[in-house]
Amino acid sequence: MRIGSRVNLAPAEISALSQIVGDRLSTNESVLEQHGRDESAYPPVKPWAVLYPLDTQEVSQILAFCNSERIPVIAFGAGSSLEGHVLPIHGGISLDMTRMNKILEVMPADLMVRVEPGVHRMELNVRLAHEGLFFSVDPGADATLGGMAATGAAGTTTVRYGSMKDNVLAMTAVLADGTVINVGRGTRKLSAGYDLTRLIVGSEGTLAVITELTLKIYGIPEKMSAAAVRFATLEQGVRAAAAIVQMGVNVARCEYLDPLNIRNVNKNSGLTLPELPTLFFEFHGSAAGVAEDAQTVGEIVEEFGGFDFEWTTDESERRRLWQARHDSYWSAIRNNPGKRIVSTDMAVPLSVLGDAVAACNEILAAHRFPYGILGHVADGNFHCMVITDPTQPDELEEIREITSQMTSKIISMKGTCTGEHGIGLAKISALVEETGAAAVNVMRMIKKALDPNNILNPGKIMTEVE
Ligand SMILES: Cc1cc2nc3c(=O)[nH]c(=O)nc-3n(C[C@H](O)[C@H](O)[C@H](O)COP(=O)(O)OP(=O)(O)OC[C@H]3O[C@@H](n4cnc5c(N)ncnc54)[C@H](O)[C@@H]3O)c2cc1C
């Protein structure tokens, strides 16, 4: 499985890399350990060394050297990805981008910001808030913007503001041989040549290392309000969410949590929410606009059996209602000490969302693992969180089989095996099932053209380039 037969860096290679980054190269065991895992349930695989570049030029020099020596390079942001993305399964170095963490320029008049890839999204929003602005993509975890671009991240606000694919306008990136490219422009429209920005967004560190991003930003809305509504069944809840979008209601967030997730959050965060299938909403706009949107949603959910509709414009109440959604993943972890979560991600056309969630629920219920379902249902996107014991590796195999049953079902319903988490290691065969071998071969050709020695995050998205 290795590229060549090497199992580590030679002393001369460590010395050459140290000449580029000085003492920002570590082979300390705990640092290697930390960079050999992500938030997936895969067992860790340690890199040979971790390097912390400070600028584009250093990244370029590192890649040029690694390319000539055939050393795999895995870019690393916050390590919050969920499909084994950052695991150096062929060995190699981990390129930790978090010291490239400057917010380079805020451009309020253009509603744009220029950042280095190691800036964390929450930190960016603290800075932007001073100017009444915010960056919209919210994947739950406090990920880096480079990692978010590389995974094509989306999240709770995508229904209103789009994903990273919609919000990255331009970038600087370094190719495998060290060539620096600038792609995209700081314009709202662009029709100049192949769209290399969107090729790199979502490429999971397999085509280039991103060293700078120009992102769209937004004005903080005059008013934000929140609502929650309960349902007797999961299907009623997700069908209501689909109907709200189909009717063109302007929701900024619309999230579904099942009773298990609510129970976890109640236990962990001291809440007392009814343990029922629940939809949470957020509305952004003028005071009159958010009131009107909430009223329309209240009427629609009632038609689908929704009850106990709560609505508020009070800031602390809004936060309280949303706390359940924000805390759900970490609550599940805290309430299952020693266990891991396999969080699968699927998306379907809205018209089949209710059937898709019901089908996955049926598959999960037929197995022995505790699970919960939640998701960005207004995008037709949902996650099944399956609890596993990492000391029982056979469980992971079984869960992979369950995930594969669910993704096959979703693909047969014209959906996708991942709406936002990406392929990583876990969904390589699902990508072929979904897209077909011919399309995956085109991806291979692109990979081979940009990274002929296969040094950039090898073994992810697709099986080896021949
Ligand atoms: C609780 C929780 C909730 C989550 N919810 C969501 C969600 O709602 N939506 C969603 O999309 N994701 C979600 N995720 C997954 C995760 O947060 C995203 O995938 C995120 O975008 C990863 O960013 P990161 O900085 O952690 O990247 P990492 O995990 O460090 O890296 C991810 C990938 O990007 C590559 N990469 C990192 N930096 C660069 C760079 N500068 N240049 C090129 N490649 C790079 C890596 O090689 C790797 O392949 C969630 C994760 C958790 C733990």
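For clarity, every value in this text was computed on a predicted model and none was experimentally measured. (Residues numbered from 1 in each chain as written. Predicted model: local features only at pLDDT ≥ 70, side-chain atom pairs only at ≥ 80, totals over all residues.)

Assigned secondary structure in the chain consists of 16 helices and 18 strands. Classification of the 466 residues of the chain by burial places 48% in the buried group. In the chain, the proportion of contacts linking residues at least 24 apart, taken out of those at least 6 apart, comes to 71%. (Helix = DSSP H or I, 4+ residues; strand = E, 2+ residues; numbered from the N terminus. Buried ≥ 20, exposed ≤ 12 C-beta atoms within 10 Å, placed from the backbone. Contact = placed C-beta atoms within 7 Å.)

So, on to the nonpolar core. General note: in soluble globular proteins, nonpolar side chains tend to be found buried as a group. One finds L95, A149, A241 and L279 to be the most contacted residues of the largest nonpolar core, which totals 124 residues. Leaving out residues up to four positions away in the same chain, L279 has contacts with A228, V229, G237, A240, A241, C254, Y256 and V301. (Core = buried A, V, L, I, M, F, W, Y, C linked by C-beta atoms within 7 Å.)

Let us look at the site of the ligand. Around the ligand sit 36 residues in total, of which G77, G140, G146, G147 and G205 are the nearest. When contributions to the shell around the ligand are tallied by element, the ones reaching two or more residues are strand 3 (73-76), helix 5 (145-151) and strand 10 (209-216). Here the element with the most residues in the shell around the ligand is helix 5; it accounts for 5 residues. Looking at the shell around the ligand residue by residue, the classes come out as 18 nonpolar, 14 polar and 4 charged. (Near = placed C-beta within 6 Å. Nonpolar A, V, L, I, M, F, W, Y, C, P; charged D, E, K, R; others polar.)

Okay, the pairing of strand 10 next. The element strand 10 is largely enclosed, with a buried count of 7 among its 8 residues. Where strand 6 (residues 112-115) lies against strand 10, 4 bridges are found, and the strand directions are antiparallel. Looking at strand 10, one finds that M112 is bridged to K216. Where strand 8 (residues 168-174) meets strand 10, 6 bridges bridge the pair, whose relative direction is antiparallel. The partner of V168 across the bridge, within strand 10, is L215. (Pairing = 2+ DSSP bridges.)

Let us look at the sheet that holds strand 15 (residues 307-312). One open sheet accounts for 7 strands, arranged 15-12-14-13-17-18-16; its pairing is antiparallel. A strand with exactly one partner marks an edge of an open sheet, and here the two such strands are strand 15 and strand 16 (340-347). Sheet twist, expressed as the mean angle between neighbouring strand axes with direction ignored, is 15 degrees. As judged from the 8 bridges shared by strand 12 (residues 223-230) and strand 14 (residues 278-285), these two strands associate in the antiparallel manner. (Axes fitted to C-alpha atoms, helices over the stretch in contact; angles between N-to-C directions.)

Quick look at the environment of S316 now. You can see S316 is positioned in helix 12 (residues 315-334). Overall, the presence of 8 C-beta atoms within 10 Å leaves S316 in the exposed class. Remark: the alpha-carbon pair of S316 and I461, spanning 145 residues in sequence, is separated by 42 Å.

With that settled, the discussion passes to the packing of helix 9 (residues 234-246) against helix 13 (residues 353-365). At a closest axis distance of 8 Å, the pairing of helix 9 and helix 13 adopts a crossing angle of 150 degrees. The angle between the axes of helix 9 and helix 13 places the two elements in the roughly antiparallel class. By crossing handedness, the relation of helix 9 to helix 13 is classed as right-handed. Between helix 9, through L234, E235, V238, R239 and A242, and helix 13, the contact on the second element is made entirely by L353, G354, V357, A358 and N361. Here the contact of helix 9 with helix 13 is composed, by residue class, of 6 nonpolar, 2 polar and 2 charged. (Parallel < 35°, antiparallel > 145°, perpendicular 65-115°, else oblique. Left-handed = near helix turned anticlockwise from the far one by under 90°.)

The strand order across the open sheet formed by 5 strands is 5-6-10-8-9, and the pairing between neighbours is antiparallel. At either end of the open sheet lies a strand with only one pairing partner, and these are strand 5 (103-107) and strand 9 (180-184). Neighbour-to-neighbour, the strand axes of the sheet open up by a mean angle of 10 degrees, direction not taken into account.

Even without being a glycine, R70 presents a positive backbone phi close to 60 degrees. A residue is classified by how many C-beta atoms lie within 10 Å of it, and R70, with 14 of them, is partly exposed. One non-glycine residue, N454, lies in the positive phi region at around 55 degrees. If you trace the backbone, N454 turns up in the segment after helix 16 (437-450). For N454, a count of 18 C-beta atoms within 10 Å gives the class partly exposed.

Attention now goes to helix 12. The terminal C-alpha atoms of helix 12 lie 27 Å apart, and with 20 residues this matches the ideal 28 Å at 1.5 Å per residue to within 8%. Of all the bends found along helix 12, the most pronounced is centred on S328 and spans about 60 degrees. The set of residues buried in helix 12 consists of L321, A324, R325, S328, Y329, S331 and A332. (Expected span 1.5 Å × (residues − 1). Bend = angle between axes of the 7 residues up to and from the residue.)

Taken domain by domain, the chain holds domain 1 (11-98), domain 2 (101-219), domain 3 (221-330) and domain 4 (336-431). Facing 11 residues of domain 2, the contacting portion of domain 4 comprises 9 residues. In terms of residue class, the side of domain 2 that touches domain 4 is made up of 3 nonpolar, 7 polar and 1 charged. (Domains from an automatic or database assignment.)

As a packed pair, helix 10 (residues 259-269) and helix 12 sit with axes 8 Å apart at the nearest point and diverge in direction by 85 degrees. With respect to helix 12, the element helix 10 is oriented roughly perpendicular. Residues N261, I262, N264, V265, N268 and S269 of helix 10 touch helix 12, and the partners they reach there are Q323, A324, D327, S328, S331, A332 and R334. Considering only residue class, the contact of helix 10 with helix 12 consists of 4 nonpolar, 7 polar and 2 charged.

Note on placement: H326 falls in helix 12. Since 17 C-beta atoms lie within 10 Å of it, H326 is described here as partly exposed.

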